[in-house]
Amino acid sequence: MKHNLIFNTVRSQKLVHWNQSGDCCQWNGVACNKGRVIGLDLSEEFITGGLDNSSLFNLQYLQNLNLAHNDFRSSIPSKFGLLTNLRYLNLSNAGFQGKIPIEIAHLAKLSTLDMSASFTSQHTLKLQKPNIGMLLQNLTELTELYLDGVKAP
């Protein structure tokens, strides 16, 4: 997965130490249960570019994903809808822009969703088609929702 990401190797605290030969469950930012990756914390890793070709979306047991405080400069990939076991998703201040994809609504197990951004951010997310009702209708487990800085018509 590391090879599909563009990140600042000088400022990275996690990705820079990942290697192909080691057990990924021992890597900083990775949580496992019975050898399966269930948590990934890549916050503040200075990642730029998109996630479209990322193997991240192959992690079918992933429950917690934190991509906060990066600079993706892309739209949120619709492939997030494939991560159906997610319970926690933090995309705050990650540099995503454009429309929030309807596929986020497929994450029915989510209890926490954070897509907030600083009001001074250059990257703006928009909540239109889906609107808030469409986005939330399947998210029946949701207890925390953060949309600060997201534009809604």
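Note that the coordinates shown come from a computational prediction; the quantities given were computed from them, not determined experimentally. (Residues numbered from 1 in each chain as written. Predicted model: local features only at pLDDT ≥ 70, side-chain atom pairs only at ≥ 80, totals over all residues. Heavy atoms only, no water.)

Q: Pulling in residues and values, what's your account of the overall build of the chain?
A: The helix and strand tally for the chain stands at 1 helix and 10 strands. Going residue by residue from the N terminus, the α and β elements of the chain occur as β-β-β-β-β-β-β-β-β-α-β. In terms of overall dimensions, the chain is globule-like: its C-alpha atoms have a radius of gyration of 15 Å, near the 15 Å expected for 153 residues. For the chain, the spread of C-alpha atoms along the three principal axes comes to 50 × 35 × 25 Å. In the chain, which comprises 153 residues, the proportion classed as buried is 42%. Across the chain, contacts joining residues at least 24 apart in sequence account for 63% of those joining residues at least 6 apart. With the model as given, the accessible surface of the chain reaches about 8200 Å², and the carbon-plus-sulfur share is 46%. Separation of charge centres in the chain, based on 13 positive and 11 negative side chains, amounts to 6 Å. (Helix = DSSP H or I, 4+ residues; strand = E, 2+ residues; numbered from the N terminus. Rg over C-alpha atoms; globule rule 2.2 N^0.38 Å. Buried < 20%, exposed > 50% of the residue type's maximum accessible area, 1.4 Å probe, protein only. Contact = heavy atoms within 4.5 Å. Areas by Shrake-Rupley, 256 points an atom, 1.4 Å probe, with all protein chains shown as cover. Lys, Arg positive; Asp, Glu negative; His and termini not counted. Charge placed at Lys NZ, Arg CZ, Asp CG, Glu CD.)

Q: Tell me what's going on with the state of the cysteines, and back it up with residues and numbers.
A: Scanning the entire structure with this criterion turns up 1 disulfide. Shown here is the disulfide that connects Cys25 with Cys32, its sulfur atoms set 2.1 Å apart. Classification of the bridge connecting Cys25 and Cys32 rests on its S-S torsion, roughly -90°, and on that basis the disulfide is left-handed. Exposure remark for Cys25: the relative accessible area of 18% places this residue in the buried category. Looking at the unpaired Cys24, the closest cysteine sulfur is the one in Cys25, lying at 4.4 Å. (Disulfide = S-S within 2.5 Å.)

Q: Explain the pattern of salt bridges residue by residue, including any values.
A: In this structure the tally under the stated criterion is 2 salt bridges. The partner of Asp71 in a salt bridge is Arg73, with the nearest N and O atoms 2.9 Å apart. Look at Arg73 and you get exposed, because its relative accessible area is 52%. (Salt bridge = Lys/Arg side-chain N within 4 Å of Asp/Glu carboxyl O.)

Q: Please give an account of the pairing of strand S2 (residues 30–33) that cites residues and values.
A: Bridge count between S2 and strand S3 (residues 36–41): 4 bridges; the pairing is antiparallel. What sits directly across from Val30, in S3, is Leu40. The turn joining S2 and S3, which pair antiparallel and follow one another in sequence, is formed by 2 residues; a positive phi near 55° is taken by Lys34. (Pairing = 2+ DSSP bridges.)

Q: Tell me about the packing of aromatic side chains, residues and numbers included.
A: In this description, an aromatic ring pair is defined by two values, namely the gap between the centres and the angle between the planes. On inspection of all chains with the given rule, the structure shows 3 aromatic pairs. Ring geometry for Phe57 versus Phe80: centroids 5.2 Å apart, planes at 85°, classification edge-to-face. Here Phe80 lies in the loop between strand S5 (64–66) and strand S6 (88–90) and Phe57 lies in the loop between strand S4 (47–48) and S5, a separation of 23 residues in the sequence. For the pair Phe57 and Phe80, one class covers both residues: buried. Over the face of the ring belonging to Tyr61 we find Arg36, whose NZ or CZ atom lies 4.1 Å from the ring centre. (Phe/Tyr/Trp six-rings, centres within 6.5 Å; stacked < 30°, edge-to-face > 60°. Lys NZ or Arg CZ within 6 Å of the ring centre and 35° of its normal.)

Function cannot be read off these values alone, since they describe shape.
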